[in-house]
Amino acid sequence: MKVVIAGGTGQVGTILCRALTAADREVVVLTRHPVRAGEVGWDGRTPGPWVKEVDGCDVAVNLAGRSVSCRYTEANLREMMDSRVDSARVVGEAIGAARRPPRVWLQMSTATIYAHRFDAPNDERTGIIGGAEPHVPGYWGFSVDIARCWEQAQREASTPETRKVALRSAMVMSPDRGGVFDVLLWLARLGLGGPVAGGAQYISWIHDRDFVRAVEFLIDRDDLTGAVNLAAPEPLPQREFMHILRKAWGRPTGLPATKWMAEIGAFALRSDTELLLKSRRVVPGRLLESGFSFAYGHWPRAAAELVHRVRHR
């Protein structure tokens, strides 16, 4: 099986490439800065010699997009939007023009498309799309707009012979340096991983090995199309999530942070408080209905396994 992964050098792409390569898949990575065997150059906007890799491959995966871990300046927001929409559009064009198109196109999306809420979980069927919630910063709506446009670019692509799936992924937890788990564990180790602004906001997450297993499941299941939530079935309030993580590491306490303290911390980390304060209560309705079984569906077990891998890397 040949798998072409656009944007495969980021955190999630590295996880997926590593796993698929270990499973003896032929993996080709499209990247702006190819340096290794199996990497092919592209700009994420225009067709080029890279389209030959798509023609004849079995699976196309598009993970390309500027990192959301940044200050939400106008320029950064525009780059987040353009990098996602342009890459989805041009991948769709390459698939549509292929003589032998891939049988499935997995397009990265985000669980952030759902509304900030505490009252009930969001699945694909009954979940509320965000952007119109009262009492949240207005600029949070831009993240939802990005997700909507990202998915729309895939839907509008003319690829009649290729099944299309949008991966509404929660935060992927892995022990790799620089990833979201690495940052959260760093805070816990410093004793800073307490409740943020009360800690009632939900964190949706997925263990890296379940992320890979879900991708493989979606590749194999010819009957699944459209949006699919990639998230563990038990999202947790931030205060409980971090308490479990601290316990797994052996750090009994974590200093709480007010909203203004979170703003200072986000500024220092060159990030934005939306990543800390938005309540992402997302569950994997379609995966569970289709028979997918999570190996790490409960955070205590997942946190313990990830901590073990950090300690032994």
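About the cut-offs
Every chain's residues receive numbers from 1 upward, in the order its sequence appears when written. Selection of residues for local features in this predicted model requires a pLDDT of at least 70, selection of side-chain atom pairs for listing and counting requires 80 or more, and totals for whole chains, interfaces and linings are taken over all residues. The side-chain quantities take in all heavy atoms of the structure and omit both hydrogens and water. Think of it this way: any DSSP run of H or I at least four residues long counts as a helix, any run of E at least two long counts as a strand, and we number them from the N terminus. This radius of gyration counts C-alpha atoms alone. The globule rule is 2.2 Å times how many residues there are, raised to the power 0.38. To sort residues, take the accessible area from a 1.4 Å probe on protein chains only and compare it with the maximum for the residue type: under 20% means buried, over 50% means exposed, and anything in between is partly exposed. Using a 1.4 Å probe, accessible areas were evaluated by the Shrake-Rupley method; residue-level cover was limited to the displayed protein chains. Positive residues here are Lys and Arg, negative ones are Asp and Glu, while His and the chain termini are left out of the count. To locate a charge, take atom NZ for lysine, CZ for arginine, CG for aspartate or CD for glutamate. Buried and open spaces are told apart on a 1 Å grid over the protein atoms alone, a cavity being a set of points where a 1.4 Å probe fits but cannot get out and a pocket being an open set with protein on both sides within 12 Å along at least five of seven lines. Residues with an atom within 4 Å of a point are the lining residues. Grid points are joined across faces, edges and corners, and a volume is the space filled by probe spheres set on the points. Under the grouping applied here, Gly and all other residues not named as nonpolar or charged are polar, the nonpolar ones being Ala, Val, Leu, Ile, Met, Phe, Trp, Tyr, Cys and Pro and the charged ones Asp, Glu, Lys and Arg. Planes of paired rings set the category: under 30 degrees apart is stacked, over 60 is edge-to-face and the rest tilted, where pairs are Phe, Tyr or Trp rings (Trp by its six-membered ring) whose centres lie within 6.5 Å. Nonpolar cores were defined as sets of buried Ala, Val, Leu, Ile, Met, Phe, Trp, Tyr and Cys residues, with membership established by side-chain atoms within 4.5 Å. The contact criterion used throughout is that any non-hydrogen atoms of two residues lie within 4.5 Å. Definition used for salt bridges: Asp or Glu carboxyl oxygen within 4 Å of a side-chain nitrogen of Lys or Arg.

A.B. asks: If you had to explain the overall build of the chain to someone new, which residues and values would you point to?
C.D. replies: Secondary structure assignment for the chain yields 11 helices and 11 strands. For a compact globule of 313 residues, the expected C-alpha radius of gyration is about 20 Å, and the chain comes in at 19 Å, within 12% of that figure. For the chain, the C-alpha atoms occupy an extent of roughly 60 × 40 × 40 Å along the three principal directions. A total of 313 residues make up the chain; the buried ones form 53% of that total. For the chain, the accessible area works out to roughly 14300 Å², and carbon and sulfur atoms hold 54% of it. Measuring between centres, the 41 positive side-chain charges of the chain sit 5 Å from its 35 negative side-chain charges.

A.B. asks: Let's hear about the layout of surface pockets: which residues, and what values?
C.D. replies: Considering only enclosed or pocket space, the second largest pocket measures out at about 250 Å³ in volume. Taken together, 14 residues line the second largest pocket, and the ones lying closest to its centre are Gly8, Cys17, Val29, Arg36 and Glu39. Listed by contribution, the elements that provide at least two residues to the lining of the second largest pocket are α1 (11-22) and β2 (26-31). At 3 residues, α1 tops the list of elements feeding residues into the lining of the second largest pocket. For the lining of the second largest pocket, the residue count by class is 5 nonpolar, 6 polar and 3 charged.

A.B. asks: Which residues make up the packing of aromatic side chains, and what values go with them?
C.D. replies: Within this structure, the stated rule accounts for 7 aromatic pairs. An angle of 80° between the planes, with centres 5.2 Å apart, marks the rings of Trp42 and Trp50 as edge-to-face. Taking relative accessible area as the criterion, Trp50 reaches 2% and is therefore assigned buried. On the basis of an interplanar angle of 10° and a centroid distance of 4.2 Å, the ring pair of Phe241 and Trp299 is categorised as stacked. Of this pair, Phe241 sits in helix α7 (residues 238-249) while Trp299 sits in helix α11 (residues 299-311), and the two are 58 residues apart along the sequence. Per residue, the accessibility class of Phe241 equals that of Trp299, and both read buried.

A.B. asks: Mind laying out the nonpolar core, listing which residues take part and the relevant values?
C.D. replies: Ile5, Leu106, Leu218, Leu230 and Leu287 are the most contacted members of the largest nonpolar core, which totals 35 residues. By residue number, the principal contributor to this core is helix α6 (residues 208-220), which donates 7 residues. Beyond its immediate stretch of four places on either side in the chain, Ile5 contacts Leu16, Cys17, Leu20, Val27, Val28, Val29, Leu30, Val61 and Leu63. Core analysis: the next-biggest nonpolar cluster, separate from the first, contains 21 residues, Ile203, Leu245, Trp299 and Val307 among them.

A.B. asks: With reference to specific residues and values, describe unusual backbone geometry.
C.D. replies: At Asp24, a position not held by glycine, the phi torsion is positive, near 65°. By the element assignment, Asp24 lies in the loop between α1 and β2. Here Asp24 falls in the exposed class, since its relative accessible area comes to 70%. The phi dihedral of Ala197 is positive, around 55°, even though this residue is not glycine. Checked against the element boundaries, Ala197 lands in the loop between α5 (180-189) and β8 (202-203).

A.B. asks: How would you explain the pattern of salt bridges if you had to name every residue and give the values?
C.D. replies: For the structure shown, the criterion picks out 19 salt bridges. A salt bridge links Glu53 to Lys2; the nearest nitrogen and oxygen atoms lie 2.9 Å apart. Of the two residues, Glu53 is situated in helix α2 (residues 51-54) and Lys2 in strand β1 (residues 2-6); the sequence distance between them amounts to 51 residues. According to the relative accessible area criterion, Glu53 is partly exposed, its value standing at 22%.

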